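# A look at the structure
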Amino acid sequence: MKVLVIGDIVGNPGRKALKGYLDKNKNNYDFIIVNGENSAAGFGITGKLADEMLSWGVDVITGGNHIWDKKEIYEYLDRSDRILRPYNYPNGVPGFGYTIKKDKKGNKVAVISLQGRVFMTPIDCPFTKVNELIEEVRKECKIIIIDFHAEATSEKIALGKYLDGKATLVYGTHTHIQTADNKILSEGTGYITDIGMTGSDNGIIGMKSESIIPKFLTSLPQRFEIAEGNERVNGISVEIDEEVGECTRIDRINLSLLELGIFE
Ligand SMILES: [Fe+2]
Ligand SMILES: [Fe+2]
């Protein structure tokens, strides 16, 4: 089976790039996952935007630290497991941290949203929590895909190695910068430290430079604005042996809309 994963959609430029990419390519894939934590002008996601992305052929939207930014999404998170928040938040927070859905061929696919703790909010241990969850999920489903939303490369690589042979695919999100270390680990788990972001490449990780640089110069709070133009699609294209739940191929996608021939 073929799985498409697209990295953090940042605002309207990100949604435009996603739509353009899916219109051209979605029929090549059996299952599509998108990280949507920045789709509402960089901060969070709304029900309307989630519905829109799902209507374009996305199967599951994963989250991260920004999934909570728009309060209106809390009620949506509670009623739909097509959109996930990180699994290892404390008990009682809204929403679901994982889901099991069928791909186009009827294969069951588990998707887990997980968040790191290094340089991030101190939540429950992602390693222990995901290990326990995988034990349960494996009884029902061989294909297990994990979006590890984390800042530190070491924490991400550690989780990949820790889950080698237990998960089908472990990919990183959150830094918005794609890493070039896509590989298949020794026990058959597909891995990449970060799949990157989808949005404008004119600014700083999706935001206007003029709104970010003053933050570093002054240390004062700034109002961040979405960058525009020069949109890029970042993600991975993954092939999976569905009989054994192992990854057989993982390729990076890092293309401008011009390269994709989507816009003149
Ligand atoms: Fe993000
Ligand atoms: Fe994030």
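Residues numbered from 1 in each chain as written. Chains lettered and ligands numbered in written order. Predicted model: local features only at pLDDT ≥ 70, side-chain atom pairs only at ≥ 80, totals over all residues. Heavy atoms only, no water.

### Concerning the nonpolar core
To keep things clear, this is the line we draw: Put simply, a nonpolar core is a bunch of buried Ala, Val, Leu, Ile, Met, Phe, Trp, Tyr and Cys residues held in one set by side-chain atoms that sit within 4.5 Å of each other. Categorising residues by exposure relies on relative accessible area from a 1.4 Å probe, with only protein chains included: less than 20% of the type maximum marks a residue as buried, more than 50% marks it as exposed, and the intermediate range marks it as partly exposed. Helix and strand labels come from DSSP, where a helix needs a run of H or I of at least four residues and a strand needs a run of E of at least two; each type is numbered from the N terminus. Whether two residues touch is decided by their heavy atoms; if any such pair falls within 4.5 Å, the residues are in contact.
Among the nonpolar cores identified, the biggest contains 31 residues, and I45, M53 and I83 are the most heavily contacted of them. Those elements that provide at least two residues to this core are β1 (2-6), α1 (11-25), β2 (31-35), α2 (47-55), α3 (73-79) and α7 (257-260). Non-local contacts of I83, meaning those with residues more than four positions away in its chain, are made with I45, A50, I61, I67, I73, Y76, L77 and F96. Counting residues in each nonpolar core, the second largest holds 20 residues, with M1, V3, F31 and I236 among its members.

### Details of the pattern of salt bridges
Definition in use: Put simply, a salt bridge is a Lys or Arg side-chain nitrogen that is within 4 Å of an Asp or Glu carboxyl oxygen.
Throughout the structure, instances matching the rule amount to 13 salt bridges. Residue K19 pairs with D23 through a salt bridge whose shortest N-O separation is 2.8 Å. Taken together, the residues K19 and D23, both in helix α1 and four residues apart, mark about one turn of the helix. Under the relative-accessibility criterion, K19 is labelled partly exposed at 30%. Residues K108 and E140 are paired through a salt bridge, measuring 3.4 Å at the closest nitrogen-oxygen approach. Note that K108 is positioned in strand β5 (residues 108-115) and E140 in the loop between α4 (126-137) and β6 (143-149), a separation of 32 residues in sequence. The partly exposed category is assigned to K108, whose relative accessible area is 35%. On the basis of relative accessible area, E140 is assigned to the partly exposed category, the value being 46%.

### Some thoughts on the pairing of β5
Definition in use: For two strands to be treated as a pair, DSSP must find at least two bridges joining them. Call a crossover right-handed when, viewed with both strands pointing away from you, the route from the first strand across the helix to the second goes clockwise.
The element β5 is largely enclosed, with a buried count of seven among its eight residues. Examined bridge by bridge, strand β4 (residues 98-102) and β5 share five bridges and lie antiparallel to one another. Bridging from a neighbouring strand, K102 pairs with K108 of β5. Taken together, β4 and the strand that follows it, β5, pair antiparallel across an intervening segment of five residues, in which G106 is found at a positive phi of about 95°. Where β5 lies against β6, seven bridges are found, and the strand directions are parallel. When the sheet's bridge partners are listed, V109 is paired in β6 with I143. Tracing the backbone out of β5, into α4 and back to the parallel element β6 gives a crossover that is right-handed.

### Regarding α2
Stated formally: The directions from the helix axis to the C-beta atoms form the arc being described.
Within α2, burial applies to G47, L49, A50, M53 and L54. End-on, the buried residues of α2 take up no more than an arc of 165°, which puts them together on one face. Along α2, exposed side chains directed more than 90 degrees from the buried face belong to K48 and S55. Of the residues one or two after α2, G57 is the one with positive phi, at around 110°.

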